[in-house]
Amino acid sequence: MGLTIVGARHGFSKTPSASSFLAPPVSVVINSNKMPRTEVSSCSKFRDWAHLPPEIVELISSKVKSTTDYVRFRAVCSPWRSACDPKPRHHLPPQLPWLMLPYNLLDPTWIYFDDVWESKRRKFYIPEAKGMVYCASYRGWFLLADHGFREVFLLNPLTQTRIQLPSFSAPVKRLRDDSFGWFINVNCSITGTKVTFSSDLTDPNCLITVLLSRYTVICCRVGDLYWTRVNYNVYQPLDDVTYYNGRFYLLYKESMKIIESDKPDERIVPMTELEAVRKCVRKCFLEGKSGIYVLAVHPQEKFVLYQFLEEPLILKQIANTSNNIAIFYRNNYPCLTVCADDWESLDGSSVYMENKCVPNASKSAAGSHYSIYSAKWDGQKIEHMVHDLGKEPQFRPGEPVMWFQPSFV
Amino acid sequence: MITLISSDKRKFHVLEEVANQSLTIRDVIEDRRGRRRADRIILVTNINSKIPEKVIVYWLRHFLMPEEIAHASMSHKKAEKLKKWEAKFFDTDIDTLNDLILAADSLDIPSLFDGACEKVSDILKNRSAEEVGEISKIENEFTHEEEEEEIPSENAWVWRNEFA
């Protein structure tokens, strides 16, 4: 009687096989855990997709790239559903963004997205949004606030998960000493609001940073009762803010400020001598694998890219980021970057912009249009897609609201 | 030389260096090194002879460019060629893919396993759950709650296109 090895990596049964009747010195018996091993000759039974070992199902699901395909995958059959996490954390690459369409301000519970990549309109019912305003979105989450800024929360429309945040109308702590000393001007407008997370929201150390109405930078962690204020100069408008490796990066008109989150250290990187920065219409941060970049946008969609260097403390003009990225614009403002390597439909090193079209005279005034351009870095336009918002009553004429990157976590 | 015997008792003679790509076989060989020639016979049961044949073809293709496969050092042209070849190799019916996945899993051939899984996910791309069920002959067997509530609400945003 020889040695019999049954199964291998993914949870097959480890009992000796009946097929060792052939008595070879060594036999590797390939078998599925559900099937009786005596049926050596029957092949059809082993092609049972529904009863693949769950580990294998999960591995196949990890090859799925888009959120929509993942939801469909889980809807195939019961064993597949139970084998796959409803909120997969590491499986999916950052998704292609959907464009959130203008919603009815009086009834924000129904929201619509244009998924230009699958040519679909996606519709979500969000009962919790009643009486709220969609302020900003980041990685699959919306920041919602009510009109008086008393209630603030994050919401994921895919999983309908809600994460409560401290009220904007509560007192605000100082960054260094935890004392209170300030209130947010609750009469400010929500335009120009940005939210970023330092990691995913299930991490208790995840820091949520909010830029409110271009002047105020505040941060908190999930579960905090109060916001913490990051910037003190409230008279200088900010172009962008981000949090990266324990530091806040604040982008002003002619300088960049770096604030350490855990020690009292502030540094200023002057940008006055950088002509491209002074003359640009907009600028923003880009996060790359090798650090922080500043992108300056010029009229006619010309771009100048700077890499932030530590020693010496400067911004250095470079030709391109090392990773292949696509930038998404809204309202003339870069708001989202996606790694293009994961997506065939995405043109790397290019910029996608939404733009309101001049309404066509032949259409009635109730109809509304917008277009999406994609352009290369040098400003050369390559594609132009026009989207008709139609005359549905739920669409108020107006510009699309924001890009939204679907995600389960 | 190693002999693989399939369930229908066909014999496949493979060079040890080639068969070493299966970590399971490699371990078995290591374990029994220095013994009789008969030790070099490995029985691969419960799959038809088509699969060992496919697996060996895969081994041979990968054996021709050892080491390089996993590394970026492989020249762009070679990588493209291998990619094309793999695309053709995995372009097969879904039953064969199932057999390949099980075989790759048991024999512990990571690259083959990954490739086959990727192909399956490719097949599933942009298909509804019903279509997938049809292709793979899966009965869904959902619980009442899943059938009535969870899945329709998820699928609402996945499929419904209100304005098409």
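Bear in mind that the values here come from a model prediction, so they are computed numbers and not experimental data. (Residues numbered from 1 in each chain as written. Chains lettered and ligands numbered in written order. Predicted model: local features only at pLDDT ≥ 70, side-chain atom pairs only at ≥ 80, totals over all residues. Heavy atoms only, no water.)

### Let's talk about the overall build of chain A
The line we're drawing: Runs of H or I in DSSP of at least four residues are treated as helices and runs of E of at least two as strands, each being numbered from the N terminus. Between buried and exposed lies partly exposed: a residue is buried under 20% and exposed over 50% of the maximum accessible area for its type, with that area taken using a 1.4 Å probe on protein chains only. Here the open area of atoms and residues is found with the Shrake-Rupley method and a 1.4 Å probe, where only the protein chains shown may cover a residue.
Scanning chain A for helices and strands turns up 4 helices and 29 strands. Going through the 409 residues of chain A one by one, you find that 55% of them count as buried. Accessible surface, chain A as shown: approximately 17,800 Å² in total, 51% of it carbon and sulfur.

### Details of the packing of helix α3 (residues 50–63) of chain B against helix α5 (residues 94–107) of chain B
Residue and element names in this part refer to chain B. Note the threshold: What counts as an axis is a line fitted to C-alpha atoms, over the stretch in contact for a helix, and the angles between N-to-C directions run from 0 to 180 degrees. Angles are sorted into four bins: roughly parallel if under 35 degrees, roughly antiparallel if over 145, roughly perpendicular if 65 to 115, and oblique for all others. Here a crossing is called left-handed whenever its near helix is offset anticlockwise from the far helix by less than a right angle, and right-handed whenever the offset is clockwise. We call two residues in contact whenever any of their non-hydrogen atoms come within 4.5 Å of each other. Gly counts as polar in this scheme, as do all residues outside two lists: the nonpolar Ala, Val, Leu, Ile, Met, Phe, Trp, Tyr, Cys and Pro, and the charged Asp, Glu, Lys and Arg.
Contact geometry of α3 with α5 gives a least axis separation of 10 Å together with a crossing angle of 70 degrees. As the angle between them shows, α3 and α5 are arranged roughly perpendicular. The hand of the α3/α5 crossing is right-handed. Contact residues: Lys50, Ile51, Lys54 and Val55 in α3; Thr96, Asp99, Leu100 and Ala103 in α5. Its residues assigned to classes, the contact of α3 with α5 shows 4 nonpolar, 1 polar and 3 charged.

### Describing the UniProt feature "domain: F-box" (unreviewed entry) in chain A
Note the following rule: UniProt positions are given in the numbering used here, feature names are shortened, and annotations may be inferred rather than shown by experiment.
According to UniProt, the positions carrying the feature "domain: F-box" (unreviewed entry) are residues 52–92 of chain A. Across residues 52–92 of chain A one finds 54% helix and 0% strand; the C-alpha atoms that close the span lie 22 Å apart.

### Some points on the sheet that holds strand β8 (residues 152–156) of chain A
Either a parallel or an antiparallel arrangement is found when strands of a sheet pair, and the pairing is made through backbone hydrogen bonds. All names here are of chain A. Quick note on the threshold: Should DSSP find at least two bridges between two strands, the strands are taken to pair.
Strand order in this open sheet of 4 strands is β6-β7-β8-β9, and the pairing throughout is antiparallel. The two strands at the open ends of the sheet, each matched to only one other strand, are β6 (132–138) and β9 (161–165). Strand after strand, the sheet turns through a mean of 25 degrees between neighbouring axes, direction not considered. Pairing of β8 with β9, which is carried by 5 bridges, proceeds in the antiparallel orientation. What sits directly across from Val152, in β9, is Leu165.

### Re the pattern of salt bridges
Where side chains of opposite charge bring their charged atoms close, a pairing between them can arise. Residues and elements named next belong to chain A. Put simply, the test is: Each salt bridge in this description consists of a side-chain nitrogen of Lys or Arg and a carboxyl oxygen of Asp or Glu lying within 4 Å of one another.
Taken as a whole and assessed by the stated rule, the structure comprises 19 salt bridges over all chains. The salt bridge partner of Arg267 is Glu310, with a shortest N-O separation of 3.4 Å. Of this pair, Arg267 sits in strand β19 (residues 266–270) while Glu310 sits in the loop between β22 (302–309) and β23 (314–318); the two residues are 43 residues apart in sequence, bridging distant segments of the chain. Residue classification places Arg267 among the partly exposed positions, given a relative accessible area of 23%.

### Overview of the domain arrangement of chain A
Interface size is commonly expressed as the accessible surface area that is lost when the partners come together. Residue and element names in this part refer to chain A. Convention followed: Domain start and stop points were drawn from an automatic or database domain assignment. Buried area adds together the accessible area that both of two parts lose upon being put together, with accessible area traced by a 1.4 Å probe. What qualifies as a polar contact is a pair of N or O atoms within 3.5 Å, subject to a donor-acceptor requirement within protein and to the restriction that residues adjacent in sequence count only when both atoms come from side chains.
Domains assigned within chain A are domain 1 (3–83) and domain 2 (98–404). Every contact between the two is made by 5 residues of domain 1 and, on the other side, 6 residues of domain 2. Counting each side, the surface lost to burial between domain 1 and domain 2 is near 390 Å², with a carbon and sulfur contribution of 54%. We note a salt bridge from Glu118 to Arg72, for which the minimum N-O separation is 3.2 Å. At the boundary of domain 1 and domain 2, one finds 2 residue pairs in polar contact (both at pLDDT 80 or more).

### As for the packing of helix α1 (residues 54–61) of chain A against helix α6 (residues 110–124) of chain B
Orientation of α1 of chain A relative to α6 of chain B, taken along the N-to-C sense of each, is 65 degrees, at an axis distance of 8 Å. Overall, the two elements α1 of chain A and α6 of chain B adopt an arrangement that is roughly perpendicular. Judged by the twist between their axes, the crossing of α1 of chain A over α6 of chain B is right-handed. Each of Ile56, Leu59 and Ile60 of chain A in α1 of chain A lies in contact with α6 of chain B, whose residues at this interface are Phe113, Cys117, Val120 and Ser121 of chain B. Among the residues making up the contact of α1 of chain A with α6 of chain B, the classes are represented as 6 nonpolar, 1 polar and no charged.

### Some points on the side chain of Thr196 of chain A
Residue and element names in this part refer to chain A. Looking at the secondary structure, you find Thr196 in strand β12 (residues 194–197). Assessed through its relative accessible area of 6%, Thr196 is described here as buried. In contact with Thr196, other than residues within four places in its own chain, are Tyr138, Leu207, Ile208, Thr209, Val241 and Tyr243.

### Details of the nonpolar core
As a reminder of what qualifies: We call a set of buried Ala, Val, Leu, Ile, Met, Phe, Trp, Tyr and Cys residues a nonpolar core when their side-chain atoms join them within 4.5 Å.
Among the nonpolar cores identified, the biggest contains 77 residues, and Trp49, Trp80 and Tyr134 of chain A together with Leu4 and Trp59 of chain B are the most heavily contacted of them. When neighbours within four sequence positions are excluded, Trp59 of chain B is seen to be in contact with Leu4, Val14, Val18, Ala19, Gln21, Ser22, Ile25 and Ile109 of chain B. Listed in part, the 24 residues of the second largest apolar core include Trp141, Phe149, Val152 and Ile184 of chain A.

### Looking at the UniProt feature "domain: SKP1 component dimerisation" (unreviewed entry) in chain B
Mapped onto this numbering, the UniProt entry annotates "domain: SKP1 component dimerisation" (unreviewed entry) at residues 111–157 of chain B. End C-alpha atoms of residues 111–157 of chain B are separated by 35 Å, and the span's content is 77% helix alongside 0% strand.

### Quick word on a negative patch on the surface
All names here are of chain B. Counted only if it meets this: Patch membership requires over 30% relative accessible area and the absence of a salt bridge. Like charges are linked within 9 Å, and nonpolar side chains (Val, Leu, Ile, Met, Phe, Trp, Tyr) within 5 Å. Within this scheme the basic residues Lys and Arg register as positive and the acidic residues Asp and Glu register as negative, but His and the chain ends are omitted. Throughout, a charge is located at the NZ atom of Lys, the CZ atom of Arg, the CG atom of Asp or the CD atom of Glu.
There is a patch of like negative charges on the surface, built from Glu145, Glu147, Glu148 and Glu149. By secondary structure assignment, the location of Glu145 is in helix α8 (residues 144–159). For Glu145, a relative accessible area of 49% translates into the label partly exposed.

### Some points on the confidence of the model for chain B
All names here are of chain B. Rules: pLDDT runs from 0 to 100 and stands for how confident the predictor is about each residue.
The predicted model of chain B averages 77 in pLDDT, with 82% of residues at 70 or higher. Per-element mean pLDDT across chain B ranges from 70 in strand β3 (residues 41–45) up to 87 in α6. For this predicted complex, the interface score ipTM comes out at 0.79, while the overall pTM is 0.78.

### Observations regarding the packing of aromatic side chains
Selection criterion: Pairing of aromatic side chains requires ring centres within 6.5 Å, counting the rings of Phe and Tyr and the six-membered ring of Trp. Pairs whose planes differ by under 30 degrees are stacked, by over 60 edge-to-face, and all others tilted. Should the NZ of a Lys or the CZ of an Arg lie within 6 Å of a ring centre and within 35 degrees of the ring normal, that charge is described as sitting over the ring.
Applying the stated criterion across every chain, the model contains 24 aromatic pairs over all chains. Plain terms: the ring middles of Trp98 of chain A and Phe404 of chain A are 6.1 Å apart, the flat faces sit at 50 degrees to each other, and that makes the pair tilted. Taken together, the residues Trp98 of chain A in strand β3 (residues 98–100) and Phe404 of chain A in strand β29 (residues 402–404) connect sequence positions 306 residues apart. Residue classification places Trp98 of chain A among the buried residues on the basis of a relative accessible area of 2%. With 5.3 Å between their ring centres and 45 degrees between their planes, Tyr58 of chain B and Phe89 of chain B make a pair best called tilted. Linking Tyr58 of chain B in helix α3 with Phe89 of chain B in helix α4 (residues 76–90), this pair joins segments that are 31 residues apart in sequence. On the basis of relative accessibility, which here comes to 6%, the residue Phe89 of chain B falls in the buried class. The rings of Trp98, Tyr103, Phe113, Phe124, Tyr134, Phe142 and Phe404 of chain A are connected pair by pair, giving a single aromatic cluster. In this structure, Arg122 of chain A is placed above the aromatic ring of Trp98 of chain A, and the distance from its NZ or CZ to the ring centre is 5.3 Å.

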